[in-house]
Amino acid sequence: MYFDTYECPFSRIIMLSNAKNLIGLYFQTQQHFEKLQTQSQQKDLEIFRQTKAWLDSYFSGKSPSFSPSLELDSTSFRLRVWQILQKIPKGQTTTYKQIAKIIAQERGIAKMSAQAVGGAVGANPISIIIPCHRVIGTNQSLVGYAGGMDIKMKLLELEGIDISLLKAH
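No experiment lies behind these values; they were computed from the predicted model shown.

### Looking at the packing of aromatic side chains
- Counted by the stated rule, this structure contains 5 aromatic pairs.
- Residues tyrosine 58 and phenylalanine 59 carry aromatic rings whose centres are separated by 5.1 Å and whose planes lie at 85° to one another, so their mutual orientation is edge-to-face.
- Aromatic rings pair up to connect Tyr6, Phe10, Trp54, Tyr58 and Phe59 into one cluster.

Here it is, written out as structure tokens:
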């Protein structure tokens, strides 16, 4: 496993790769940040250059027109939740309950647990590119973010969302 770092306007980010695809993107504030760095070898890779270009575009306020190549390894449930996250447009939010409804409908079941969706959202290994920061509570509350609530609020503000309309949890 290889890593490189990126300095965003409010935190250091670590990028992880298997030499071909991006497999992780974590804020310095996230649990295990240091461990990920020490268990990997720093290397300049094309995937990291692509990811940095994507992040430069995003943090300059643009919507990147491309995505670095991602490789995700998890359960089919988590992978489906992460696919749904990638469809949330920049500058918009959705709720855990709305994602649960989509999955329940796809599976032909009456109900899906929003808490199960929350667990999958919280396990997202590729912050920002898979925009888990765009998921909020049903009552418009700012809940949970592995990178920390300050970073979640800054990302939402960067995307033009008026966080004063959201409730701190």
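### Re helix α3 (residues 76–85)
- Those residues of α3 lying buried are Phe77, Val81, Trp82, Ile84 and Leu85. All buried residues of α3 fall inside an arc of 155° around its axis, so they share one side.
- In this structure, the buried side of α3 is in contact with α4 (96–107), α5 (114–122) and β6 (135–136).

### A look at the sheet that holds strand β1 (residues 2–8)
- Strand order in this open sheet of 4 strands is β3-β2-β1-β4, and the pairing throughout is mixed. Two strands close off the open sheet at either side, each with one partner strand: β3 (22–27) and β4 (41–42).
- Pairing analysis gives 5 bridges linking strand β2 (residues 11–17) to β3, with the strands arranged antiparallel. Its bridge partner lying in β3, methionine 15 is registered against leucine 25.
- Its contacts with the sheet put helix α2 (residues 46–59) on β1, β2 and β3, and the angle it makes with β1 is roughly 20°.

### A short note on α5
- For α5, the full list of buried residues reads Val117, Ala120 and Val121. One side of α5 holds all its buried residues, which, seen down the axis, span an arc of 100°. Residues of α5 that are exposed and point more than 90 degrees away from the buried face comprise Gln115 and Gly122.
- Looking at the buried positions of α5, the neighbouring elements they touch are α3, α4 and β6.

### Observations regarding the pairing of β2
- The buried count for β2 comes to 6 of 7 residues, which makes it a mostly enclosed element.
- Where β1 and β2 come together, 7 bridges link them in antiparallel fashion. Across the sheet, residue cysteine 8 finds its bridge partner in β2, namely serine 11.
- Where β2 folds back onto β3 in an antiparallel hairpin, the turn is made up of 4 residues, including alanine 19, whose phi is positive at roughly 90°.

The rules behind the values
- Residues numbered from 1 in each chain as written.
- Predicted model: local features only at pLDDT ≥ 70, side-chain atom pairs only at ≥ 80, totals over all residues.
- Heavy atoms only, no water.
- Phe/Tyr/Trp six-rings, centres within 6.5 Å; stacked < 30°, edge-to-face > 60°.
- Buried < 20%, exposed > 50% of the residue type's maximum accessible area, 1.4 Å probe, protein only.
- Helix = DSSP H or I, 4+ residues; strand = E, 2+ residues; numbered from the N terminus.
- Arc of directions from axis to C-beta.
- Contact = heavy atoms within 4.5 Å.
- Pairing = 2+ DSSP bridges.
- Axes fitted to C-alpha atoms, helices over the stretch in contact; angles between N-to-C directions.

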